[in-house]
Amino acid sequence: MKRLILLGRSEAGKTTLTQALRGEEIHYYKTQDVHYYESVIDTPGEYAQSRRFSKALALYTYEADVVGILCASNEPYSLFPGGVAAQANRECIGIVTKIDLPDANVPLADRWLENAGVSRIFHVNSLKGEGVQEILDYLLAEDDEQQ
Ligand SMILES: Nc1nc2c(ncn2[C@@H]2O[C@H](COP(=O)(O)OP(=O)(O)OP(=O)(O)O)[C@@H](O)[C@H]2O)c(=O)[nH]1
Ligand SMILES: [Mg+2]
């Protein structure tokens, strides 16, 4: 199984998705440093929001097989500049989170992630587990293809 690193602003839903991917009970936990698991690396949103700390995230991508750029469906603007995925020497996927929210604008989040240059996009509601299996299948399938 490939290891996925999750990047995105604070509150984007990285920790909740990490818990869903790992089959854990969902509980709120404010991420203050990088959490390194076998299949997922969970990062603090503040790292992505700070010019200085975002450099640390670039280094952490080397520890992963796939870079996951998260965008919540109700974010007011995208944190990720156009073409930023090209800066990673790993495959970059997009993940739209919180698709269940009443103010969700999934097509807009899709456009932002496409502009960032991701290879494909997943849609999740981590609280209900919706879309989570698709990410797991993708991480497992990629592994099979390599063998
Ligand atoms: N409705 C809904 N709420 C979600 C979803 N995913 C996460 N949340 C909520 O959004 C809030 C923030 O989620 P976190 O997973 O802690 O966000 P984070 O990206 O890890 O934030 P930082 O640790 O600050 O970087 C929590 O209250 C979650 O319950 C989702 O798919 N749907
Ligand atoms: Mg977190």
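Everything numeric in this text was worked out from a predicted model, so none of it was measured.

Engineer: Mind showing me how you'd approach the overall build of the protein here?
Structural biologist: Scanning the protein from terminus to terminus reveals five helices and six strands. Mapped from its N terminus to its C terminus, the protein presents α and β elements in the order β-α-β-β-α-α-β-β-α-β-α. The C-alpha atoms of the protein give 14 Å as radius of gyration, which agrees with the globular expectation for 147 residues (15 Å, within 12%). C-alpha extents for the protein along the principal axes are approximately 40 × 35 × 30 Å. Relative to its full complement of 147 residues, the protein shows a buried share of 36%. In the protein, the proportion of contacts linking residues at least 24 apart, taken out of those at least 6 apart, comes to 71%.

Engineer: It is not clear to me how the site of ligand 1 should be interpreted in this structure. Could you clarify?
Structural biologist: Taken together, 21 residues are adjacent to ligand 1, and Gly 13, Thr 15, Thr 16, Thr 31 and Gly 45 come closest. Tallied by class, the residues present in the shell around ligand 1 amount to six nonpolar, ten polar and five charged.

Engineer: What should I look at first to understand the environment of Tyr 60 in this one?
Structural biologist: In this fold, Tyr 60 is placed in helix H3 (residues 51-61). Counting along the chain gives 53 residues from Tyr 60 to Leu 113, while the straight-line C-alpha distance between them is 20 Å. Ignoring any residue separated from it by four or fewer positions in sequence, one finds Tyr 60 in contact with Ile 5, Val 34, Ile 41 and Thr 43.

Engineer: So what exactly am I meant to see when it comes to the sheet that holds strand E5 (residues 91-97) here?
Structural biologist: Strand-to-strand pairing in sheets goes through backbone hydrogen bonds, with the strands running parallel or antiparallel. Pairing is mixed across the open sheet formed by six strands, whose spatial order is E2-E3-E1-E4-E5-E6. Either end of the sheet is taken by a strand with one partner, and the two such strands are strand E2 (35-36) and strand E6 (121-123). Pairing between E5 and E6: three bridges, direction parallel. Residue pairing across strands places Gly 94 opposite Ile 121, the latter belonging to E6. Relative to the sheet, helix H1 (residues 14-21) contacts strand E1 (4-7), strand E3 (40-42), strand E4 (66-72) and E5, its axis offset from that of E3 by approximately 155°. Together, E4, E5 and E6 form the strand contacts of helix H4 (residues 106-116), whose direction differs from that of E5 by roughly 165°.

Engineer: How should I be thinking about H1 in this particular structure?
Structural biologist: Every α-helical turn comprises 3.6 residues, leaving residues that sit three or four positions apart pointing alike. In terms of burial, H1 is largely enclosed, as eight of its eight residues are buried. What H1 keeps buried is the set Lys 14, Thr 15, Thr 16, Leu 17, Thr 18, Gln 19, Ala 20 and Leu 21. Two residues or fewer past H1, Gly 23 is found with a positive phi of approximately 70°.

Engineer: How should the pairing of E5 be read in this particular structure?
Structural biologist: Most of E5 is tucked away, with six of its seven residues classed as buried. As paired elements, E4 and E5 share seven bridges and run parallel to each other. Bridged to Val 66 within E5 is Glu 91. Handedness of the β-α-β unit built from E5, H4 and E6 comes out right-handed.

Rules behind the numbers
Residue numbering note: each chain is counted from 1, following its sequence as written. Numbering of ligands from 1 and lettering of chains from A proceed in the order in which they are written. Since the coordinates come from a predicted model, pLDDT governs what is reported: local features require at least 70, and pairs of side-chain atoms require 80 or more to be given and counted, while whole-chain, interface and lining totals use all residues. Runs of H or I in DSSP of at least four residues are treated as helices and runs of E of at least two as strands, each being numbered from the N terminus. Both definitions apply: the radius of gyration is a C-alpha atom measure, and the globule rule equals 2.2 Å times residues to the power 0.38. Comment: burial labels come from other C-beta atoms within 10 Å of the residue's own C-beta, placed from the backbone, where a count of 20 or more is buried, 12 or fewer is exposed, and between is partly exposed. Throughout, a residue-residue contact means that the two C-beta atoms, derived from backbone geometry, are no farther apart than 7 Å. Nearness is defined per residue: the C-beta atom, placed using the backbone, must lie within 6 Å of the molecule or strand. For this classification, the nonpolar set comprises Ala, Val, Leu, Ile, Met, Phe, Trp, Tyr, Cys and Pro, the charged set comprises Asp, Glu, Lys and Arg, and every other residue, Gly included, is treated as polar. The pairing criterion for strands is at least two bridges between them, as found by DSSP. Interaxial angles span 0 to 180 degrees and are taken between N-to-C directions of axes, which are lines fitted to C-alpha atoms, for helices over the stretch in contact. We call a crossover right-handed when, viewed with both strands directed away from the observer, the connection leading from the first strand over the helix to the second proceeds clockwise.

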